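# Remarks on the overall topology
Here is how the chains run, residue by residue.
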Amino acid sequence: SAFAHKGGLHVAALERSPDSYQHVDPAAVGNQLRVLISELSGRQNILGKIKKLDLDMEGRDDKFVAERALVILNRVKKLESMGYTFEGADASV
């Protein structure tokens, strides 16, 4: 999909300025923005998934959430280096 993004820096920049990385609003063509998780991901990819899935982070400070996201990201990168793939399996992350 033209609206699926996985590069860490790309996703972080997309969060700040979607128009910089998408020439058209995904909804205008019946699509939606998707942030993938892969070996190319950054912490922002994980933080975005936490937010999108509305995981209960109530009462957790930003530092705790960021640290947990980094732990998850490092685990994904290790598993992908062993042959696992998470791009098409959101529920696996």
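Per chain, residue numbering runs from 1 following the sequence as it is written. In view of the model being predicted, local features appear only for residues whose pLDDT reaches at least 70, and side-chain atom pairs are presented and counted only at 80 or more, with totals across whole chains, interfaces and linings using the full set of residues. Hydrogens and water are ignored here; the side-chain numbers use all heavy atoms of the structure.

### Quick look at the overall build of the protein
Put simply, the rule reads: Counting from the N terminus, the helices are DSSP H or I runs at least four residues long and the strands are E runs at least two residues long. Radius of gyration means the value over C-alpha atoms here, while the globule rule gives 2.2 Å times the residue count to the 0.38 power. Note on exposure labels: buried denotes an accessible area under 20% of the residue type's maximum, exposed denotes more than 50%, and partly exposed covers the range between, all computed with a 1.4 Å probe on protein chains only. Only the protein chains shown count as cover for residues, and all accessible areas are computed by the Shrake-Rupley method using a 1.4 Å probe. A positive count includes Lys and Arg, and a negative count includes Asp and Glu. His and the chain ends are not counted in either. Here the site of a charge means atom NZ of a Lys, CZ of an Arg, CG of an Asp or CD of a Glu.
From N to C terminus, the protein includes three helices and two strands. From first element to last, N terminus to C terminus, the protein shows the α and β order β-α-β-α-α. For 93 residues, the compact-globule formula gives about 12 Å, and the C-alpha radius of gyration of the protein, at 14 Å, lands near that figure. By its C-alpha atoms, the protein is 35 × 35 × 20 Å across when sized along the principal axes. Burial statistics for the protein: of 93 residues in total, 28% are counted as buried. Just so you have it, the protein exposes about 6400 Å², and 51% of that area is on carbon and sulfur atoms. A distance of 6 Å separates the average location of the 13 positive side-chain charges in the protein from that of its 13 negative side-chain charges.

### A word on helix α3 (residues 62-81)
As a reminder, the rule being used: In a helix, the anticipated span is given by 1.5 Å times the number of residues less one. This arc is taken over the directions from the axis of the helix to the C-beta atoms.
For α3, spanning 20 residues, the distance from its first C-alpha to its last is 28 Å, which sits close to the expected 28 Å at 1.5 Å a residue. Regarding α3, the residues found buried are V65, A66, A69, L73, V76, L79 and E80. Axial view of α3: buried residues confined to an arc of 150 degrees, hence all on one face. When the buried face of α3 is taken as reference, the exposed residues oriented beyond 90 degrees from it are K63, R75, K78 and S81.

### Here's the deal with the packing of helix α2 (residues 43-52) against α3
When two helices pack together, their arrangement is captured by the angle between the axes and the distance separating the axes. Applied cut-off: For helices, the fitted line uses only the C-alpha atoms of the stretch in contact; every axis is such a line through C-alpha atoms, and the angle between N-to-C directions lies from 0 to 180 degrees. Throughout this description, any angle smaller than 35 degrees is read as roughly parallel, any larger than 145 degrees as roughly antiparallel, any in the 65 to 115 degree range as roughly perpendicular, and the remainder as oblique. Here a crossing is called left-handed whenever its near helix is offset anticlockwise from the far helix by less than a right angle, and right-handed whenever the offset is clockwise. Every residue pair with non-hydrogen atoms within 4.5 Å of one another is taken to be in contact. Charged residues are taken to be Asp, Glu, Lys and Arg, nonpolar residues to be Ala, Val, Leu, Ile, Met, Phe, Trp, Tyr, Cys and Pro, and polar residues to be all remaining types, Gly included.
Between α2 and α3, the least distance of the axes is 9 Å, while the angle of their chain directions is 115 degrees. Between α2 and α3, the angle falls in the class roughly perpendicular. Taken as a pair, α2 and α3 cross one another with a handedness that is right-handed. For the pair formed by α2 and α3, the contact residues are R43, I46, L47 and I50 on the first element and V65, A66, A69, L70, I72 and L73 on the second. A per-class count over the contact of α2 with α3 returns nine nonpolar, no polar and one charged.

### A few points about the side chain of N45
Mapped onto the secondary structure, N45 falls in helix α2. Classification of N45 as buried rests on a relative accessible area of 0%. Apart from residues lying up to four places away in sequence, N45 is in contact with H5, K6, G7, G8, V11, V35, L36 and I37.

### Section: the environment of A4
Here A4 lies in strand β1 (residues 4-5). When neighbours within four sequence positions are excluded, A4 is seen to be in contact with R34 and L36.

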